[in-house]
Amino acid sequence: MKYLDEYREADAVMKYAAMIKKITTKPWNIMEVCGGQTHSIVKFGIDELLPKEITLIHGPGCPVCVTPLEQIDKAIELASNKNVVFCSFGDMLRVPGSKKDLLSVKAEGGGVRILYSPIDALKIAKENPDKEVIFFAVGFETTAPANAMAVYQAKQQGIKNFSILISHVLVPPAIEAILSSPNNRVNGFLAAGHVCTIMGYEEYYPIAEKYHVPIVVTGFEPVDILNGIYICIKQLEEGRAEVENQYSRVVDKAGNLHAQNIIKEVFKIRNRKWRGIGEISQSGLGLNDNYSEYDAEIKFNLNDIIVDEPSECISGLILQGIRKPFECEVFGKICTPEHPLGATMVSSEGACAAYYKYRNKMKV
Ligand code: SF4
C-alpha cells in the first residue's frame, strides 16, 4: 500500500534505529504528544529499539483522556434528560464519570447515540424536531473544523433544536504548560502530524525559541516516528532547538486555511480544564458570542460541577509524562479495559490501554 507499507518496512526501521544509536552521546527525554503515536510506539516496540540513553515520554494528546470528569458528568446529566438525544463518538461512552458512564445511561434507556460525524447529529435534529439533539464536541484541533461546521450549518439552516457540549483543547498551550512546569524533564517534542495538517506549524516557532527545545512535526508509522526521533536527537546533540517537519508528505507550514477559517468563525480561544492536569490558560475553544445559542451548557443552564478525580488513578501524572502506566499500582489488577478506573485505560489512544493491549508481560 503506497504511503503505508514503506513506512513500516523493517530495513528502514532498523536503519533509523542504527542512525539514532550512532549519534546519541547523552541521555535525552523525548515526548510524543499524540496518543496515536504512543500506540504505534508500544505496538511496534519502537522504544525497545532505541539506545538506553533515550527515554520516550508519553504526552497528553488523547482527546478522550483529557476531557475533564466534570464534562463527563455534564454529558451524563444531559443524556439522562428524556427530551434529549445525546450524540457522541463511541470512545466517550465508557469513560467513567464520577458516578457512572454514558453507556450506563444508554442501558437505562437514555437517548444516547454513537456517531462518526457531528453533521450526522444535525441530520438527527432535522428529523426529530420534537427532541433536543446534543453533540459531545471533544478533541484537539483535528476535530474542531467538523464540529464548527455543524454549528455553522445549524445557524445557516435555522435549526434550533441542536447544540454542542464542548470540551475542545489545543496542543501548543499544553506543550507550553509542560515546558514551564517545575517537574518538566522533556528535552524535545514530536508534534502530532494530524494536528499540524489543520493548523500548520508556525505556532511552534516561538515555543521552540523561548524554551530552547526542538519540536519535530512527525507522522504515525514506525519509520515516521524513528525519523522524527532521529531529527530531534540530532538537533539536541548539535545544541540546536528548531521546528522541523518530518511529515512533509501530509503537512505544510501554513496548514489547512479553510479549516482554520471555519474554526475562527465559530470558536474563540478560552481557558480549559484538562482531566488530571487542571486548568491551562487559553488552551481550549468555546463558542463565539454569535453562536452561543448552540452551547448546550448555556441552553440547558448547566451549573458548574466540581468533582474529585478517583485517588487511585494516576492518569494526570501519566498525561504529563511524569509516570508510565505500569507504575500505577492498580494497572491490570482492578483497572483493565473491561473495568477502567480512568480515561487513559478506556480510550483507543490512551497510554494505559496501549500498554495493556501490547505489553502482555506487564499484565497481571
Ligand atoms: S491504570 Fe487505570 S487507574 Fe492506573 S492510571 Fe491508568 S487508567 Fe488510571
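(A) Spatial organisation of the packing of helix α1 (residues 10-23) against helix α11 (residues 222-237). Packing of α1 against α11 leaves a shortest axis separation of 9 Å and a crossing angle of 15°. Comparing the axis directions of α1 and α11 gives the class roughly parallel. The chirality of how α1 crosses α11 is left-handed. On the side of α1, the interface is formed by Ala 12, Val 13, Tyr 16, Met 19, Ile 20 and Ile 23, while α11 contributes Pro 222, Val 223, Leu 226, Asn 227, Ile 229, Tyr 230, Ile 233, Lys 234 and Glu 237. Broken down by class, the residue content of the contact of α1 with α11 amounts to 12 nonpolar, one polar and two charged.

(B) Spotlight on unusual backbone geometry. You will see that His 212, though not glycine, has its phi angle at about 50°, which is positive. Along the chain, His 212 turns up in the loop between α10 (205-211) and β8 (215-218). Here His 212 falls in the exposed class, since its relative accessible area comes to 52%. Phi at Asn 301 is positive, roughly 50°, even though this residue is not glycine. Its location among the elements puts Asn 301 in the loop between α13 (296-299) and α14 (315-319).

(C) Seen up close, the pairing of strand β6 (residues 162-169). Within β6, eight of the eight residues are buried, leaving the element largely enclosed by the surrounding structure. On β6, burial covers both faces: Phe 162, Ile 164, Ile 166 and His 168 on one face and Ser 163, Leu 165, Ser 167 and Val 169 on the other are all buried. Relative to strand β11 (residues 278-287), β6 is paired through two bridges, and the arrangement is antiparallel. In the strand pairing of β11, His 168 is matched with Leu 285.

(D) Quick look at the packing of aromatic side chains. Considering all chains together, one arrives at eight aromatic pairs under this definition. Between the NZ or CZ atom of Lys 15 and the centre of the ring of Tyr 16, over which it lies, the distance is 5.2 Å. Sitting over the face of the ring of Tyr 291, Lys 155 holds its NZ or CZ atom 5.5 Å from the ring centroid.

(E) Representation of helix α6 (residues 118-127) in the model. Buried residues of α6: Pro 118, Ala 121, Leu 122, Ile 124 and Ala 125, and no others. For α6, the angular spread of the buried residues around the axis is 160°, confining them to a single face. Every exposed residue of α6 that faces more than 90 degrees away from the buried side is listed here: Lys 126 and Glu 127. Structurally, the start of α6 carries an N-cap: the backbone nitrogen of Ile 119 is 3.0 Å from a side-chain oxygen of Ser 117.

(F) Up close: the nonpolar core. Counting 56 residues, the largest nonpolar core has Phe 86, Phe 136, Phe 189, Tyr 204 and Ile 215 as the members making the most contacts within it. Ile 215 has contacts with Phe 189, Ala 191, Tyr 204, Ile 207, Ala 208, Glu 242, Val 243 and Glu 244, leaving out every residue within four places of it along the chain. Counting residues in hydrophobic clusters, the runner-up holds 30 residues, among them Phe 162, Ile 198, Val 266 and Tyr 291.

(G) Here's a closer look at the packing of helix α7 (residues 144-156) against helix α12 (residues 257-266). Viewed as axis vectors pointing N to C, α7 and α12 meet at an angle of 55°, and their least axial separation amounts to 8 Å. Between α7 and α12, the angle falls in the class oblique. As α7 packs across α12, the resulting crossing turns out to be left-handed. Contacts between α7 and α12 involve Ala 144, Pro 145, Ala 148, Met 149, Val 151 and Tyr 152 on the former and, on the latter, Ala 259, Ile 262, Ile 263, Glu 265 and Val 266.

(H) Expanded view of the sheet that holds β8. In spatial order, the strands read β2-β1-β7-β8-β9; together these five strands make up an open sheet with parallel pairing. Single-partner strands in this sheet number two, and they are β2 (54-61) and β9 (243-245). Each strand axis lies, on average, 25° off the axis of its neighbour in the sheet, ignoring direction. In the packing of helix α2 (residues 35-43) onto the sheet, contacts are made with β1 (28-34), β2, β7 (188-192) and β8, and the angle to β1 comes to roughly 120°.

(I) Just empty space enclosed by the protein, in detail. Counting across every chain of the model gives three cavities of 30 Å³ or more. By volume, the largest cavity is sized at about 70 Å³. Considering the residues around the largest cavity, the lining is formed by 13 residues, among which Cys 313, Cys 328, Cys 335, Thr 344 and Cys 352 are closest to the centre. Of all the secondary structure elements, the ones that give two or more residues to the lining of the largest cavity are α14 and α15 (343-346). In this structure, the second largest cavity spans a volume of roughly 60 Å³. If you trace the second largest cavity, you find it lined by Gly 35, Thr 38, His 58, Gly 59, Gly 61, Cys 62, Cys 65, Leu 319, Thr 344, Glu 349, Gly 350 and Ala 351. Sorting the residues of the lining of the second largest cavity by element identifies α2 and β2 as the ones contributing at least two each. Of the residues assigned to the lining of the second largest cavity, the class counts are four nonpolar, seven polar and one charged.

Analysis parameters
Residues numbered from 1 in each chain as written. Predicted model: local features only at pLDDT ≥ 70, side-chain atom pairs only at ≥ 80, totals over all residues. Heavy atoms only, no water. Axes fitted to C-alpha atoms, helices over the stretch in contact; angles between N-to-C directions. Helix = DSSP H or I, 4+ residues; strand = E, 2+ residues; numbered from the N terminus. Parallel < 35°, antiparallel > 145°, perpendicular 65-115°, else oblique. Left-handed = near helix turned anticlockwise from the far one by under 90°. Contact = heavy atoms within 4.5 Å. Nonpolar A, V, L, I, M, F, W, Y, C, P; charged D, E, K, R; others polar. Buried < 20%, exposed > 50% of the residue type's maximum accessible area, 1.4 Å probe, protein only. Pairing = 2+ DSSP bridges. Phe/Tyr/Trp six-rings, centres within 6.5 Å; stacked < 30°, edge-to-face > 60°. Lys NZ or Arg CZ within 6 Å of the ring centre and 35° of its normal. Arc of directions from axis to C-beta. Polar contact = N/O pair within 3.5 Å; in protein donor to acceptor, adjacent residues only side chain to side chain. Core = buried A, V, L, I, M, F, W, Y, C linked by side-chain atoms within 4.5 Å. 1 Å grid on protein atoms, 1.4 Å probe; cavity = no way out; pocket = protein on both sides within 12 Å on 5 of 7 lines; lining within 4 Å. Points joined across faces, edges and corners; volume = space filled by probe spheres on them.

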